[in-house]
2 protein chains.
Amino acid sequence: MMFFEGSEKKIEVITSTEFGSLRALGKDFWTKVVAHACAEILDTISNEHCDAYLLSESSLFVWDDRFLMLTCGTTTLAEAFLYFCDHVSDKNILFASYQRKNEYLSHLQKSSFQEDIDRISERLDGTAYRLGNLDSHHNYIFHLNKPYQPEQGDTTSELLMYHIKGEGADYLRSEGQTLEGVRKLLCLDQILPGFEIRDWLFEPFGYSLNAIKGDRYATFHITPQEESSYVSFETNLELEDSGILEIMLDALKPGSWDLIGFNALAPLLENERFTCLAESKIALPCGYDMTFNHYQHGEHKVIAAERLTGKAA
Amino acid sequence: MMFFEGSEKKIEVITSTEFGSLRALGKDFWTKVVAHACAEILDTISNEHCDAYLLSESSLFVWDDRFLMLTCGTTTLAEAFLYFCDHVSDKNILFASYQRKNEYLSHLQKSSFQEDIDRISERLDGTAYRLGNLDSHHNYIFHLNKPYQPEQGDTTSELLMYHIKGEGADYLRSEGQTLEGVRKLLCLDQILPGFEIRDWLFEPFGYSLNAIKGDRYATFHITPQEESSYVSFETNLELEDSGILEIMLDALKPGSWDLIGFNALAPLLENERFTCLAESKIALPCGYDMTFNHYQHGEHKVIAAERLTGKAA
């Protein structure tokens, strides 16, 4: 079984108006940032607010005053962050965060979260937290120790789905799938109406999508492989009452999932089908209320033993 | 926060009568086996059936025809297994298994389960399984590819408790605790009546116990540190209708726990207080029905964010 860690690392940085535009740093600069994470730019879309780069391992979104970069696999996102810091002085960084999501096989990563933040902390004074238990799903975050006041509507939601099942998952694992087929499966017309979209199918499996509309963005990254399946959806759309979460859970039928919010009000309530196993929240002094909720579907209980090596019983 | 991985690796081996007695190999031999795991013998008790060695990291029990060794921390139990194999030829090994329990921080281990079994497989033909999900509690097992027929009463139960809470946990984390105090907390009179006992308090925290009575054994290992607390209880006693599991859960109030059985009939039924999140079972061709059940207590849901570095909010 080929293992691929779909789970992402993420950086988000907000800069001061004095610094000027991050977009104006140009594609060459951002190509180098991405290269420091051991990824590359596959495709780009732009509108009046944002340049959205689809990467070989996930995504980069650059606005004038902020950027966010997600990378999966065994990429070295902390290196990309440090390279960025080489070119932008501390005083122009108003906000910075570095996250690592729940990993299937953390021992296969090139560095641990602790090692990453040890290096980042040599350059930026910050504080790190873990939300969720060490021995279950959890999310690590490091943030800059500077007070920051997010604007109204500055909200982020991350829906991280594990163990996808059913027809949608089967399709994503099948040969001959098409971009059109995946878009339909994800109900893009319904959840991202009017968005400009760029998406990509990877070999042998995997799908990434960037979507932008004004200053709003959304991104999907799908690692469909059985036993380590992972789908992330992230957006700055307000999810509350949007029905988007319910559509995603219905399309991909994850066995478990995490919902992470930054100033986002979109808690999923438990019901007879799924349970919230863990909830954790913290008002980060950098201006965001962060919430972490870990859910499990009731049907995700009886698990076949997984043969790793040797002959079948 | 000092991190100590309480979770154990385990080997169990059964040898043929032709080989003679494993106990007769002598303490010097077993001291060397233990040293290959980077552990040492602290104390010994013996009866007519068994030599029970209390180790600096867990336990070794040796009977005439079998032994089992548990080691925690960052010990290298696979090395001990390979050293044993240097001295006992394949044809005299009727059964062998190598297990790794759910680890809090697997990336801090000196080797992964896959690396361990890659090495062991160079010497012994075997099959490996994972029971439980990769991204939640799970148990790895490798077993020798030889048919084996366990005797009646050859049963093993492992109760692995995480996130212990309440008065018992507080006592185990307190200064000035005594062997007598821990024995009382564990209700040893009630659960192991008539057993010969040897136990040990570690600095600054931690407790280990070996107990034998005839050919029956039991062992406790406690790593009480907050955030990575772990208590293992293992025995070849029949647990069904013994009340032992209930007494342990009541004394230590774990937030989550795993129950692993080999030809053991002791499922804990879910109730209004706790839920079984995962169950997995397999009839191993080496003669044991293995079961893995992962439970979570209802109160183990709201989790404070854990600050890892930096200043408090």
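Predicted model, so just to flag it, every value in this text is computed and none were measured.

Student: Sorry if this is basic, but what is going on with helix H3 (residues 113-121) of chain B here?
Tutor: Along H3 of chain B, the residues classified as buried are Phe113, Asp116, Ile117 and Ile120 of chain B. Projected down its long axis, H3 of chain B shows its buried positions confined to an angular sector of 90°, all on one face. Buried positions along H3 of chain B lie against strand S17 (306-309) of chain A together with helix H2 (77-87), strand S6 (93-100), strand S7 (126-131) and strand S8 (139-144) of chain B.

Student: What is the right way to read the interface of chain A and chain B from this model?
Tutor: Interface size is commonly expressed as the accessible surface area that is lost when the partners come together. Tallying the contact residues gives 51 residues for chain A and 51 residues for chain B. Between chain A and chain B, roughly 4,200 Å² of surface is buried when both sides are summed, and carbon and sulfur atoms account for 52% of that area. Broken down residue by residue, the surface that chain A buries against chain B is led by Asp135, Lys301 and Ile303 of chain A, which jointly contribute 16%. Taken together, the connections running from chain A to chain B amount to six salt bridges.

Student: Is there a simple way to explain the sheet that holds strand S1 (residues 9-15) of chain A in this structure?
Tutor: By way of backbone hydrogen bonds, the strands of a sheet pair with one another, either parallel or antiparallel. The strand order across the open sheet built from nine strands is S2(A)-S3(A)-S4(A)-S5(A)-S1(A)-S6(A)-S8(A)-S7(A)-S17(B), with neighbouring strands paired in antiparallel fashion. Each edge of the sheet is formed by a strand with only one pairing partner; in this case those strands are strand S2 (41-46) of chain A together with strand S17 (306-309) of chain B. Recorded for the sheet is a direction-independent mean angle of 15° between the axes of neighbouring strands. As defined by bridge partners, S1 of chain A adjoins strand S6 (residues 93-100) of chain A across seven bridges and the pair is classed as antiparallel. Its bridge partner lying in S6 of chain A, Lys10 of chain A is registered against Gln99 of chain A.

Student: In this structure, what is going on with the relation of the copies chain A and chain B? I would like to understand it.
Tutor: Each of the two copies of the chain can be brought onto the other by a rotation about an axis and a shift along it. When chain A is fitted to chain B, the residual RMSD is 0.0 Å, and the transformation amounts to a turn of 180° plus an axial shift of 0.0 Å. This pairing of chains is accounted for by a two-fold axis. By C-alpha distance to the rotation axis, the residue of chain A lying nearest is His107 of chain A, at 2.0 Å. A shared binding surface is used by both copies, with 100% of the interface residues of chain A retained as interface residues in chain B.

Student: Quick question: what am I supposed to make of the pairing of strand S9 (residues 156-162) of chain B here?
Tutor: Along a regular strand, successive side chains alternate from one face of the sheet to the other. Residue and element names in this part refer to chain B. In terms of burial, S9 is largely enclosed, as seven of its seven residues are buried. By the alternation rule, side chains of S9 split into Thr156, Glu158, Leu160 and Tyr162 and Ser157, Leu159 and Met161, which are all buried. Here S9 pairs with strand S14 (residues 256-262) via seven bridges, running antiparallel. Paired with Leu159 across the two strands is Leu259, which belongs to S14. The sheet contact formed by S9 and strand S13 (residues 230-235) spans six bridges and is antiparallel. Note that in S13 the partner of Met161 across the bridge is Val231.

Student: What is the right way to look at the layout of surface pockets in this model?
Tutor: Regions of empty space are outlined by a rolling probe, equal in size to a water molecule, passed over the atoms. Taken as a whole, the largest pocket encloses approximately 1,200 Å³ of empty space. Taken together, 49 residues line the largest pocket, and the ones lying closest to its centre are Ser106 and His107 of chain A together with Leu105, Ser106 and His107 of chain B. Only helix H3 (113-121) and S17 of chain A together with H3 and S17 of chain B provide two or more residues apiece to the lining of the largest pocket. For the lining of the largest pocket, the class distribution of residues is 18 nonpolar, 15 polar and 16 charged.

Student: Sorry if this is basic, but what is going on with the environment of Glu240 of chain B here?
Tutor: Tracing the chain through its elements places Glu240 of chain B in the loop between S13 and helix H7 (244-252). Spatially, the C-alpha atom of Glu240 of chain B lies 6.2 Å from that of Leu265 of chain B, the residues being 25 residues apart in sequence.

Student: Quick question: what am I supposed to make of the pattern of salt bridges here?
Tutor: Any two side chains of opposite charge can pair, given that their charged atoms come close. On inspection of all chains with the given rule, the structure shows 44 salt bridges over all chains. With a closest N to O distance of 3.7 Å, Glu8 of chain A and Lys101 of chain A form a salt bridge. Residue Glu8 of chain A is located in the segment before S1, and its partner Lys101 of chain A is located in the loop between S6 and H3; the two are separated by 93 residues in the primary sequence. We classify Glu8 of chain A as buried; its relative accessible area is 0%. The class of Lys101 of chain A is buried, set by a relative accessible area of 2%. Residue Lys101 of chain B pairs with Glu234 of chain B through a salt bridge whose shortest N-O separation is 3.7 Å. Here the residue Lys101 of chain B occupies a position in the loop between S6 and H3, and Glu234 of chain B occupies one in strand S13, the gap between them amounting to 133 residues. Owing to a relative accessible area of 2%, Glu234 of chain B belongs among the buried residues under this scheme. Via salt bridges that share partners, Glu8, Lys10, Glu12, Lys101, Glu158 and Glu234 of chain A belong to a single interconnected network.

Student: Can you walk me through the packing of helix H1 (residues 26-36) of chain B against H2 of chain B in this structure?
Tutor: Each pair of packed helices gets described by two things: the angle between the helix axes and the distance between those axes. Residue and element names in this part refer to chain B. Taken N-terminus to C-terminus, the directions of H1 and H2 make an angle of 140°; their axes are 7 Å apart at the nearest point. Relative to H2, H1 is oriented so that their crossing is right-handed. Contacts between H1 and H2 involve Phe29, Trp30, Lys32, Val33 and His36 from the first element and Glu79, Ala80, Tyr83, Phe84 and His87 from the second. Partitioning the contact of H1 with H2 into residue classes produces six nonpolar, two polar and two charged.

Student: Help me out: how do you make sense of the side chain of Ser112 of chain A in this one?
Tutor: When you line up the elements, Ser112 of chain A lands in the loop between S6 and H3. For Ser112 of chain A, a relative accessible area of 10% translates into the label buried. Once you skip the residues sitting within four places of it in the chain, Ser112 of chain A turns out to touch Arg100 of chain A together with His107 of chain B.

Student: Could you clarify how one ought to interpret the pairing of S8 of chain B in this entry?
Tutor: Residues and elements named next belong to chain B. Here S8 lies mainly inside the structure; six of its six residues are buried. Burial of the side chains of S8 extends over both faces: Asn139, Ile141 and His143 are buried on one face and Tyr140, Phe142 and Leu144 on the other. As judged from the four bridges shared by S6 and S8, these two strands associate in the antiparallel manner. Along S8, the bridge assignment pairs Arg100 with Tyr140. Pairing geometry for S7 and S8, over six bridges, is antiparallel. When the bridges of S8 are listed, Ala128 appears paired with Phe142.

Student: What am I meant to see in the sheet that holds S13 of chain B here?
Tutor: All names here are of chain B. Strand order in this open sheet of eight strands is S10-S11-S12-S13-S9-S14-S16-S15, and the pairing throughout is antiparallel. For this open sheet the edge positions go to strand S10 (196-201) and strand S15 (274-283), each flanked by a neighbour on one side alone. Direction aside, neighbouring strands of the sheet carry axes that sit 10° apart on average. Of the strands in this sheet, S9, strand S12 (216-223), S13 and S14 are in contact with H7, which crosses S9 at around 15°.

What counts as what
Residues numbered from 1 in each chain as written. Chains lettered and ligands numbered in written order. Predicted model: local features only at pLDDT ≥ 70, side-chain atom pairs only at ≥ 80, totals over all residues. Heavy atoms only, no water. Buried < 20%, exposed > 50% of the residue type's maximum accessible area, 1.4 Å probe, protein only. Helix = DSSP H or I, 4+ residues; strand = E, 2+ residues; numbered from the N terminus. Arc of directions from axis to C-beta. Contact = heavy atoms within 4.5 Å. Buried area = accessible area lost by both parts, 1.4 Å probe. Salt bridge = Lys/Arg side-chain N within 4 Å of Asp/Glu carboxyl O. Pairing = 2+ DSSP bridges. Axes fitted to C-alpha atoms, helices over the stretch in contact; angles between N-to-C directions. Least-squares fit on C-alpha atoms with pLDDT ≥ 70 in both. 1 Å grid on protein atoms, 1.4 Å probe; cavity = no way out; pocket = protein on both sides within 12 Å on 5 of 7 lines; lining within 4 Å. Points joined across faces, edges and corners; volume = space filled by probe spheres on them. Nonpolar A, V, L, I, M, F, W, Y, C, P; charged D, E, K, R; others polar. Left-handed = near helix turned anticlockwise from the far one by under 90°.

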